[in-house]
Amino acid sequence: MTSTAPASPRPAPSTPLTVGQVEELLRQVAPNDLAESWDSNRLICGDPAEPVSSVLLAVDPVAAVVDEALERGVQMLITHHPLYLRGTDQVSAADPKGRLVHRLIRAGVALANAHTSLDSAHGGVADALARAVGLTGARVLSPSTADPQQGIGRVADLEEPTTLRELAQKAAAALPDSAPGLLVGGDLDAQVTRVAVSGGSGDSLLGLARQAGADVFLTADLRHHPASEHLEAGRPFLLCGTHWATEWVGLPPLARRLEELASKQGHRLSVTVSQAVTDPWAVRLPTGPRG
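Residues numbered from 1 in each chain as written. Predicted model: local features only at pLDDT ≥ 70, side-chain atom pairs only at ≥ 80, totals over all residues. Heavy atoms only, no water.

In the nomenclature of an unreviewed UniProt entry, the chain is known as GTP cyclohydrolase 1 type 2 homolog of Actinomyces weissii. We quote the UniProt Sequence similarities (unreviewed entry) comment for the chain here in full: "Belongs to the GTP cyclohydrolase I type 2/NIF3 family." Recorded under Subunit (unreviewed entry), the UniProt text for the chain is reproduced unchanged: "Homohexamer." (UniProt positions renumbered as here; feature names shortened; annotations may be inferred.)

S.K.: So what about the domain arrangement of the chain? Which residues, and what values?
M.R.: Examined at the domain level, the chain breaks down into domain 1 (17-116 + 247-273) and domain 2 (122-241). Just the C-alpha atoms count here: the centres of domain 1 and domain 2 sit 28 Å apart. Contact with domain 1, which involves 12 residues of that partner, is made by 16 residues of domain 2. For the domain 1 and domain 2 pair, buried surface summed over both sides reaches about 980 Å², with 69% attributable to carbon and sulfur atoms. Among the residues of domain 1 in contact with domain 2, Leu34, Glu247 and Val249 are the three that bury the most area, contributing 50% of the side total. Counting the contacts that link domain 1 with domain 2 gives 0 salt bridges. Joining domain 1 to domain 2, the criterion identifies 1 residue pair in polar contact (both at pLDDT 80 or more). Secondary-structure elements contributing two or more residues to the side of domain 1 that touches domain 2 are helix H9 (243-248) and helix H10 (251-264). Considered class by class, the residues forming the side of domain 1 that touches domain 2 number 5 nonpolar, 3 polar and 4 charged. (Domains from an automatic or database assignment. Contact = heavy atoms within 4.5 Å. Buried area = accessible area lost by both parts, 1.4 Å probe. Salt bridge = Lys/Arg side-chain N within 4 Å of Asp/Glu carboxyl O. Polar contact = N/O pair within 3.5 Å; in protein donor to acceptor, adjacent residues only side chain to side chain. Helix = DSSP H or I, 4+ residues; strand = E, 2+ residues; numbered from the N terminus. Nonpolar A, V, L, I, M, F, W, Y, C, P; charged D, E, K, R; others polar.)

S.K.: Can you lay out the pattern of salt bridges for me, pointing to particular residues and giving the numbers?
M.R.: Scanning the model with the defined rule gives 8 salt bridges in all. For Arg27, the salt bridge identified is with Glu23, shortest N-O distance 3.1 Å. A residue pair is termed a helical-turn pair when its members lie 3 or 4 positions apart in one helix, as Arg27 and Glu23 do in helix H1 (residues 19-29) at 4 residues. Given the relative accessible area of 15%, Arg27 is considered buried. With a shortest N-O distance of 2.4 Å, Asp203 and Arg223 are connected by a salt bridge. With Asp203 in the loop between strand S10 (191-201) and helix H7 (206-211) and Arg223 in the loop between strand S11 (216-220) and helix H8 (224-232), this residue pair connects regions lying 20 residues apart in the sequence. (Buried < 20%, exposed > 50% of the residue type's maximum accessible area, 1.4 Å probe, protein only.)

So, in structure tokens, the structure goes:
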């Protein structure tokens, strides 16, 4: 008589995470104590007890992104930017932002965000932008008071010197495309080695980038007068991308980390990064007379 080995027990199906548990994972990746004092990083709408098996990540909580979340059938949307940075006293559907809240609640989709907390965190927006232009071992440009090892922006030396032109081409290829593209200020043929980066608006960091000895500063939303006056005084040269593009690069690493953390807890979580371009500008037209 042949004996048969007992069948291996089947693994128990993993239970879905809840909205509250996914938000806890998000705060592990991007702790709220790293956020700037003026910022908002929170669960914006949704029931913390509701189950979540799929999440959509995006930079902006706008109609096109909500459309995608509903089309994909996700239970949670996590954006970089908050829906209400300055607060509100109403969420009427007569208002564009209130309309988004109504649509999300009706569909059972929670909305949370991680803004400057993700900008500052290890593996967040700043680190992703640094990697995109070939920086390794970068140090923090503007350290957080909560943890000086983390903070806004990064600065490091390239493995090999290059020209501003070549670095700009590399940065342009690494960023997701949008109509404004990448603006370059400085001597295109000058040799550069040290690079500072910061996703989103970078006017306030121009002085810190110079103090750090950067040859180039890659950021976004640089205004005419601060940029012009800065370049008049010399380096760092400037690479100005769009706010959306310089922050979008932080979303794929966030997706991987959320899935990994969920898996370590015995859960399956599917996290998708939106490819929707939510930069406000639709097209760039050359200016000047045409023959």
